[in-house]
Amino acid sequence: MNVKIFISGLIILMALQSCSQRQLLTQQAIEEHHITPEFMKHIQFYNTKDIVLTRIEEGKNERSAQKGALKVEAGKEIEQVIIPAKTPGKVVSIIDKQHIAVSFEPDDSKYLVFGMDRSGTTFNLHAKVWNNGKGVVEYAGEQFVTNSGASQVGLEFKMDRKELQQQNVRFAKGNKL
């Protein structure tokens, strides 16, 4: 009976040693885990913070004269794409060793570019231009402006670490004369 309890305890201990946690995509993680650009296409990524993309298109101004007054109708078309933090995304294209395209929608043509930050340590959202934390990005062939702070949006991936340990246990029966 003690052997069954011991083996059960050993199995539980081994199960507790495996854990899943999210890890930031950094140059150190890439080197440590030997993540090649092609291998990135097989990893589920998640954005670390909310991303809000906004595109404003000026509408047509229409003028008319009604009852002796000038009537002007002007409008704007506002399109927003909100990508909440921890949204799953996949790599749809490897641009170069420093940049990857990640799609957070079923349509792979709708992607954002992530690249190595200036310090060369972390993959963050890449923009054509940054101004006060807001960036101009291309998304689905259109120009969008990001929310403030989007320059700090990184990528995370799940890391399942399992420590395998083989242990042979036997009980000595004793040695009689």
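In this text, all values refer to a predicted model and were calculated from it rather than measured experimentally.

Criteria and thresholds
- Throughout this description, residue numbers start from 1 for each chain and increase along the sequence as written.
- Thresholds applied to this predicted model are a pLDDT of at least 70 for local features of residues and 80 or more for the giving and counting of side-chain atom pairs; totals over whole chains, interfaces and linings are not thresholded and use all residues.
- Only hydrogens and water are set aside; all other atoms, that is, all heavy atoms of the structure, feed into the side-chain values.
- For two strands to be treated as a pair, DSSP must find at least two bridges joining them.
- By definition, any uninterrupted DSSP run of H or I lasting at least four residues is a helix, any uninterrupted run of E lasting at least two residues is a strand, and each is numbered from the N terminus.
- What counts as a salt bridge is simple: a side-chain nitrogen of Lys or Arg found within 4 Å of a carboxyl oxygen of Asp or Glu.
- When accessible area is computed with a 1.4 Å probe and restricted to protein chains, residues below 20% of their type maximum are described as buried, those above 50% as exposed, and intermediate ones as partly exposed.

> Can you tell me about the pairing of strand β4 (residues 62–66), naming the residues and giving the values?
Look at any regular strand and the pattern is simple: side chains alternate between the two faces of the sheet. Here β4 pairs with strand β5 (residues 69–73) via 5 bridges, running antiparallel. The residue of β5 that forms the bridge with R63 is V72. Two successive antiparallel strands, β4 and β5, enclose a turn made up of 2 residues, where K67 displays a positive phi of approximately 50°.

> I'd love a proper account of the pattern of salt bridges, names of residues and values included.
Under the definition given, this model contains 8 salt bridges. Ionic pairing is found between R55 and E79, a salt bridge with its closest N-O pair at 2.7 Å. One end of the pair, R55, is in strand β3 (residues 51–58); the other, E79, is in strand β6 (residues 76–83), with 24 residues separating them in the sequence. Using a relative accessible area of 11% as the deciding quantity, one classes R55 as buried. Salt bridges sharing partners connect three or more residues here, namely R55, E57, E77, E79 and E142.

> Could you give an account of unusual backbone geometry, with specific residues and numbers?
If you check the backbone angles, K86 has positive phi at about 70° while not being a glycine. In this fold, K86 is placed in the loop between β6 and β7 (88–96). K86 sits in the partly exposed class, given a relative accessible area of 40%. The residue A140 is not glycine, and still its phi comes out positive at about 55°. Within the fold, A140 resides in the loop between β12 (134–139) and β13 (142–146).

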